[in-house]
Amino acid sequence: VDTREPSCHNQPVNKHDRSIIRGLANRVAEIAAQPMMSDLRDAWTRHHALERVRPMIIVQPEGSWAELIPERTLQCEDDAARAYEIELRRRCYYWDHIRDDTVIENIWVVQKVVHSTGWGLEPQWIGSDQTRGAGTYKPVIESREDLKKLHFPEISYDEAATRRNLEQAQELFGDILDVQLKGIRTVSFHLMNLYTHLRGLDQVMMDMYEQPEMLHEAMSFLEQGHHRLIDQYEELNLLSLNNDNSYVYPSGNGFSDELPQPDHDPDHVRPRDMWATAEAQELTLVSPEMTNGFAIEYEKKLLSRFGLTCYGCCEDLTRKLDYVFTIPHLRQVNISPFADVEKCAEQFQSKDLIFAWKPHPSQIVGDFNEDAVRANIRRALDVTRGLVFEIALKDTHTCDNHPERFTRWVEIAREACDDY
């Protein structure tokens, strides 16, 4: 679940921090009132309805936020207040510097506080001795017998904590921003990711050949556990509509006039009223047949419960699209930087789907070559001609301390799209 807004702050906000936060909230409200925000909502809605509005452009700085808005530039004193400050500053930064197709809203969502008992086993992470370096997981599932240690998560709703968070946000800037209480809006399934954290990625690769029954047993268990999670969310009335600016994994929003369903109950959201997504990045080098058998066949049963679905993230789906296209209610497929864009585009020609392309984030590090960036985008535009197309620059773990590169990258992308 990606809440986007700070979720739990029970300590009072001091006068100094309150002044800073309210000033930023006023700025966000001014940006959100710009006429172009309404135009962007309409464009995204039409885009998600498979209308070829124009190539949509979205940027997610992710790891680079630490360089765009360094911690030393924050002005609030308390950590709780800083969580509000950083989110408000990010919204302002989009308007001041990035200027992609991100919609800035005057809405502040307070997320319902939800607790989970977990899956019975916890991953053991072995970190790197380098800042932001790569690490690995120590297997906690060492044999098929260890699968018995897993159990389905039990969900509970912390109404008291939720109420405190809501009251704080309302008191802080409820007269400036539209403070709304929401439940779970980002629904994305990462079964293989969860299991490789417990079993170890190398061992899962071996299990596909040596112990396929064990791997199927594990994936079946996780599928059923996620069904139970969704059931509990629905039973506890914890789901909220995501046909708006809610985060739809891995890089989009949910603006749509096709959701919720015509028979929906506004007081009780069902899975079929929502977007949901899935991916299996760990299997990027695994054959299409094994990817389908060990991942997609389980994911598609979960996705079938939802109104609109997306698939993929950083994995190369070039040779796997035939299986991806069988996913129920599929509306968007994410084409990674490692995919063959031309071969993927050929397979999309007869499909009513959004081709969501992710250019390689390395374009903004090292030698920032504007000609190479432009050529890369133009080639993708050429081979996807006639498709509903969007560009999402993400997984940007660093920009080499050159924040201006995001601004320039968007300008180049706009110029290429205008030419197209």
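Residues numbered from 1 in each chain as written. Predicted model: local features only at pLDDT ≥ 70, side-chain atom pairs only at ≥ 80, totals over all residues. Heavy atoms only, no water.

> Please explain the overall build of the protein chain as it appears in this structure.
Helix and strand content of the protein chain: 13 helices and 13 strands. Whereas a compact globule of 420 residues would reach a radius of gyration of roughly 22 Å, the protein chain reaches 22 Å, a difference of no more than 12%. With the principal axes as the frame, the protein chain shows a C-alpha extent of 60 × 55 × 55 Å. A total of about 18,600 Å² of accessible surface is found on the protein chain, and carbon and sulfur atoms cover 46% of it. With 46 positive and 71 negative side-chain charges, the protein chain shows a separation of 1 Å between the mean positions of the two kinds. (Helix = DSSP H or I, 4+ residues; strand = E, 2+ residues; numbered from the N terminus. Rg over C-alpha atoms; globule rule 2.2 N^0.38 Å. Areas by Shrake-Rupley, 256 points an atom, 1.4 Å probe, with all protein chains shown as cover. Lys, Arg positive; Asp, Glu negative; His and termini not counted. Charge placed at Lys NZ, Arg CZ, Asp CG, Glu CD.)

> Explanation requested: the side chain of Glu223 in the structure shown.
As for its position among the elements, Glu223 is in helix α8 (residues 212-235). Ignoring any residue separated from it by four or fewer positions in sequence, one finds Glu223 in contact with Leu191, Tyr298, Lys301 and Leu302. (Contact = heavy atoms within 4.5 Å.)

> Help me out: how do you make sense of unusual backbone geometry in this one?
Phi is mostly negative for residues that are not glycine, and the peptide bonds are mostly trans. For the peptide bond that leads from Tyr249 to Pro250, omega is 5 degrees, which places it in the cis range. Mapped onto the secondary structure, Pro250 falls in the loop between α8 and β9 (275-278). Of the consecutive residues Leu259 and Pro260, the connecting peptide bond is found in the cis state with omega at 0 degrees. Of note, Pro260 is situated in the loop between α8 and β9. The backbone of Glu62 sits at a positive phi, close to 50 degrees, despite the residue not being glycine. Structurally, Glu62 can be placed in the loop between β1 (56-59) and α3 (65-68). Using a relative accessible area of 28% as the deciding quantity, one classes Glu62 as partly exposed. (Buried < 20%, exposed > 50% of the residue type's maximum accessible area, 1.4 Å probe, protein only.)

> Would you mind going over the pairing of strand β12 (residues 354-357) with me for this structure?
Covered by surrounding structure in β12 are Ile354 and Ala356 together with Phe355 and Trp357, the residues of both alternating faces. Bridging between strand β11 (residues 330-335) and β12 involves four bridges; their strand directions are parallel. Pairing of Gln332 across the sheet is with Ile354, part of β12. Handedness of the crossover joining β11 and β12 through helix α11 (residues 341-348): right-handed. Here four bridges tie β12 to strand β13 (residues 388-393), and the two strands are oriented parallel to one another. Looking at the pairing, Phe355 lines up with Phe389 of β13. (Pairing = 2+ DSSP bridges. Right-handed = clockwise from strand over helix to strand, strands pointing away.)

> Is there a simple way to explain the pattern of salt bridges in this structure?
Two side chains with opposite charge may pair up if their charged atoms get near one another. In total, this model carries 33 salt bridges according to the counting rule given. The closest approach of N and O atoms between Arg408 and Glu415, which form a salt bridge, is 3.6 Å. Bridged by salt links that share partners, the residues Glu370, Asp371, Arg374, Arg408, Glu411 and Glu415 form one connected network. (Salt bridge = Lys/Arg side-chain N within 4 Å of Asp/Glu carboxyl O.)

> How do you make sense of the nonpolar core when you look at a structure like this?
General note: in soluble globular proteins, nonpolar side chains tend to be found buried as a group. The biggest cluster of nonpolar side chains holds 117 residues, and the ones touching the most others in it are Phe173, Phe189, Tyr195, Tyr311, Val333, Phe355 and Trp409. Filtering out sequence-adjacent residues up to four positions away, Phe173 remains in contact with Ile21, Arg22, Ala25, Tyr84, Leu88, Trp108 and Val179. (Core = buried A, V, L, I, M, F, W, Y, C linked by side-chain atoms within 4.5 Å.)

> I would appreciate a short explanation of the packing of helix α6 (residues 191-199) against helix α7 (residues 201-210) in the present structure.
Think of two packed helices as two axes; the pair is described by the angle between the axes and how far apart they sit. It is at 7 Å that the axes of α6 and α7 come closest, and there the two elements cross at 105 degrees. Viewed along their axes, α6 and α7 adopt a mutual orientation that is roughly perpendicular. Facing Met192, Tyr195, Thr196 and Arg199 of α6, the residues of α7 in contact are Leu201, Gln203, Val204 and Asp207. Residue composition of the contact of α6 with α7, grouped by class: four nonpolar, two polar and two charged. (Axes fitted to C-alpha atoms, helices over the stretch in contact; angles between N-to-C directions. Parallel < 35°, antiparallel > 145°, perpendicular 65-115°, else oblique. Nonpolar A, V, L, I, M, F, W, Y, C, P; charged D, E, K, R; others polar.)

> How should I be thinking about the packing of aromatic side chains in this particular structure?
Describing an aromatic ring pair means giving the distance of the ring centres and the angle of the ring planes. This model, assessed by the stated rule, comprises 13 aromatic pairs. Residues Trp357 and Phe389 carry aromatic rings whose centres are separated by 6.2 Å and whose planes lie at 20 degrees to one another, so their mutual orientation is stacked. Of the two residues, Trp357 sits in strand β12 while Phe389 sits in strand β13, which places them 32 residues apart along the sequence. The residues Trp357 and Phe389 share a single accessibility class, namely buried. Here a set of aromatic residues connected by ring pairs shows up, and it is made of Phe325, Phe348, Phe355, Trp357 and Phe389. Above the face of the Trp95 ring, Arg99 is positioned so that its terminal group lies 3.7 Å from the ring centre. Of note, Lys112 hangs over the ring of Tyr157, and the distance from its end group to the ring centre comes to 5.5 Å. (Phe/Tyr/Trp six-rings, centres within 6.5 Å; stacked < 30°, edge-to-face > 60°. Lys NZ or Arg CZ within 6 Å of the ring centre and 35° of its normal.)

> Can you walk me through the sheet that holds β11 in this structure?
Pairing between the strands of a sheet is mediated by backbone hydrogen bonds and can be parallel or antiparallel. Strand order in the open sheet formed by seven strands is β1-β13-β12-β11-β10-β9-β8, with parallel pairing between adjacent strands. The strands lining the two open edges of the sheet, one partner per strand, are β1 and β8 (188-189). Note: β8 against β9, two bridges, orientation parallel. Each residue of the ladder has a partner; that of Ser188, found in β9, is Thr277.

> Hey, could you run me through the pairing of β1 in this one?
Along any regular strand, the residues point their side chains to alternate faces of the sheet. Here β1 shows two buried faces, one formed by Met56 and Ile58 and the other by Ile57 and Val59. Across four bridges, β1 lies against β13 in parallel orientation. Within β13, the residue paired with Ile58 across the bridge is Ala392.

> For this particular structure, what's the right way to read α6?
Because an α-helix completes one turn every 3.6 residues, residues spaced three or four positions apart along the sequence face the same direction. Summarising burial for α6: eight of the nine residues are buried, a large majority. Listing the buried residues of α6 in full gives Leu191, Met192, Leu194, Tyr195, Thr196, His197, Leu198 and Arg199. Packing partners of the buried residues in α6 comprise β5 (136-138), β8, α7, α8 and α9 (288-303).

> Any chance you could explain the side chain of Ser246 here in plain terms?
Within the secondary structure layout, Ser246 lies in the loop between α8 and β9. A polar contact is formed between the side chain of Ser246 and the side chain of Asp244, at a distance of 2.5 Å. Leave out the neighbours within four places in its chain, and Ser246 touches Arg185, Leu241, Gly252, Asn253 and Gly254. (Polar contact = N/O pair within 3.5 Å; in protein donor to acceptor, adjacent residues only side chain to side chain.)

All quantities given are derived from atomic positions and should not be read as evidence of function.
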